[in-house]
Amino acid sequence: MSRTPFVGGNFKCTGSAASLTGLIKTFNESITGFGGKVEVVVAPGAPYIGLVKSVAHQDIKISAQNCVPKSGAFTGEMSAEQVKDLGLGYVILGHSERRHVFRENDADIKKKTKAALQQGLIVIACVGETLQDREAGKTEQVVLSQLKAATAGLSEAEWKNIVVAYEPVWAIGTGKVASPQQAQDVIAFIRKTLKKLVGGAVARRTRIIYGGSVNAKNVASLWAQPDIDGFLVGGASCKPEFSTIVQTAAKAKL
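Here the structure is a predicted model, which means the values were calculated and not measured.

**Here we look at the overall build of the protein chain**
Check the secondary structure of the protein chain and you find twelve helices and eight strands. Expected size for 254 residues packed as a compact globule is a radius of gyration near 18 Å; at 17 Å, the protein chain falls within 12% of this value. Projected onto the principal axes, the alpha-carbon positions of the protein chain cover approximately 50 × 45 × 35 Å. Counting all 254 residues of the protein chain, 51% fall into the buried class. Partitioning the intrachain contacts of the protein chain with sequence separation of at least 6 by distance along the chain shows that 72% fall at a separation of at least 24. For the protein chain, the distance from the average site of its 31 positive side-chain charges to the average site of its 21 negative ones is 3 Å.

Now the structure itself:
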């Protein structure tokens with residue numbers, strides 16, 4: 001089964017109106033003409049969603065970086081309903097910075113995931129282990145726990161709106177990157193797990209991407225791995241080299 005490659009750019013809490021306008025205009029010229037060969041999504045900070053959405057051309061989709069399950073008295077937050085109302089089609093959930101900085105737990109992420117899917121959003125569901133987990137041999141255990149918690153009870157139809165992002169915490173923003181084989185091994189484990197949990201059709205169809213210090217220099221070796229369907233890019237997504245990452249993912253695997 002063919003899976004359309006997926007490349008997401010997470011701008012995090014960076015950028016200004018001027019810098020993001022210039023960046024997106026650059027992408028408008030360099031990320032174009034792929035004709036469905038790759039799905040490209042960028043996630044600006046909440047204050048700049050409208051700006052980026054107005055500047056980006058139609059082949060660059062816009063995502064929220066987070067949401068809460070429902071609207072109400074939640075100062076400083078944005079609900080899944082509001083993400084949808086803004087005309088966005090995507091949301092990143094379970095990112096390690098939300099887990100470890102803002103102390104979100106698996107139960108929180110499960111509620112958010114369900115609410116986002118109910119709004120018809122595509123969820124970029126992040127999972128990944130800390131360095132301590134990896135050194136203790138608990139990578140698969142941690143990833144499995146996070147994946148099961150976030151997606152428990154989802155129907156096969158709902159799985160069509162899930163993109164799983166494997167992001168080892170020790171490789172995010174550190175300059176360290178999982179080796180191509182390390183990334184492949186965990187992503188292959190996730191696909192095997194999906195087959196057991198929800199069936200072969202979902203496992204074959206679901207896109208599983210890698211994130212963690214992906215850049216123009218290492219993207220080709222990562223893309224060569226058979227189970228990696230794309231990338232969730234942090235720092236490099238705010239630079240012109242993001243175009244190189246997209247262009248790499250648009251190439252057919254050998």
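So, next bit.
**Section: the packing of aromatic side chains**
Under the defined criterion, the tally for this structure stands at four aromatic pairs. Ring centres 6.2 Å apart and planes at 55° place the aromatic pair Phe 6 and Tyr 90 in the tilted group. In this pair, Phe 6 sits in strand 1 (residues 6-10) while Tyr 90 sits in strand 4 (residues 90-93), placing the two residues 84 residues apart along the sequence. Each member of the pair, Phe 6 as well as Tyr 90, is classed as buried. Their ring planes at 55° and their centres at 6.1 Å tell us that Trp 223 and Phe 231 sit as a pair that is tilted. As far as burial versus exposure is concerned, Trp 223 and Phe 231 are alike and both buried. The aromatic ring of Phe 102 is capped on one face by Arg 98, whose charged end is 4.1 Å from the ring centroid. Lys 253 extends its terminal NZ or CZ atom over the ring of Trp 223, reaching a point 3.8 Å from the ring centre.

**Describing helix 5 (residues 106-118)**
Taking 1.5 Å as the rise per residue, helix 5 with 13 residues should run 18 Å; its terminal C-alpha atoms sit 18 Å apart, in good agreement. Among all positions in helix 5, only Ile 109, Lys 112, Thr 113, Ala 115, Ala 116 and Leu 117 are buried. Two residues or fewer after helix 5 comes Gly 120, characterised by a positive phi angle close to 80°.

**Focus: the packing of helix 5 against helix 7 (residues 139-151)**
At their nearest, the axes of helix 5 and helix 7 sit 7 Å apart, and the two run at 40° to each other. One way to sum up the angle between helix 5 and helix 7 is to call them oblique. Crossing handedness for the pair helix 5 and helix 7: right-handed. Contacts between helix 5 and helix 7 involve Asp 106, Ile 109, Lys 110 and Thr 113 on the former and, on the latter, Ser 145, Gln 146, Ala 149 and Ala 150. Among the residues making up the contact of helix 5 with helix 7, the classes are represented as three nonpolar, three polar and two charged.

Rules used in this analysis
Residues numbered from 1 in each chain as written. Predicted model: local features only at pLDDT ≥ 70, side-chain atom pairs only at ≥ 80, totals over all residues. Heavy atoms only, no water. Helix = DSSP H or I, 4+ residues; strand = E, 2+ residues; numbered from the N terminus. Rg over C-alpha atoms; globule rule 2.2 N^0.38 Å. Buried < 20%, exposed > 50% of the residue type's maximum accessible area, 1.4 Å probe, protein only. Contact = heavy atoms within 4.5 Å. Lys, Arg positive; Asp, Glu negative; His and termini not counted. Charge placed at Lys NZ, Arg CZ, Asp CG, Glu CD. Phe/Tyr/Trp six-rings, centres within 6.5 Å; stacked < 30°, edge-to-face > 60°. Lys NZ or Arg CZ within 6 Å of the ring centre and 35° of its normal. Expected span 1.5 Å × (residues − 1). Axes fitted to C-alpha atoms, helices over the stretch in contact; angles between N-to-C directions. Parallel < 35°, antiparallel > 145°, perpendicular 65-115°, else oblique. Left-handed = near helix turned anticlockwise from the far one by under 90°. Nonpolar A, V, L, I, M, F, W, Y, C, P; charged D, E, K, R; others polar.

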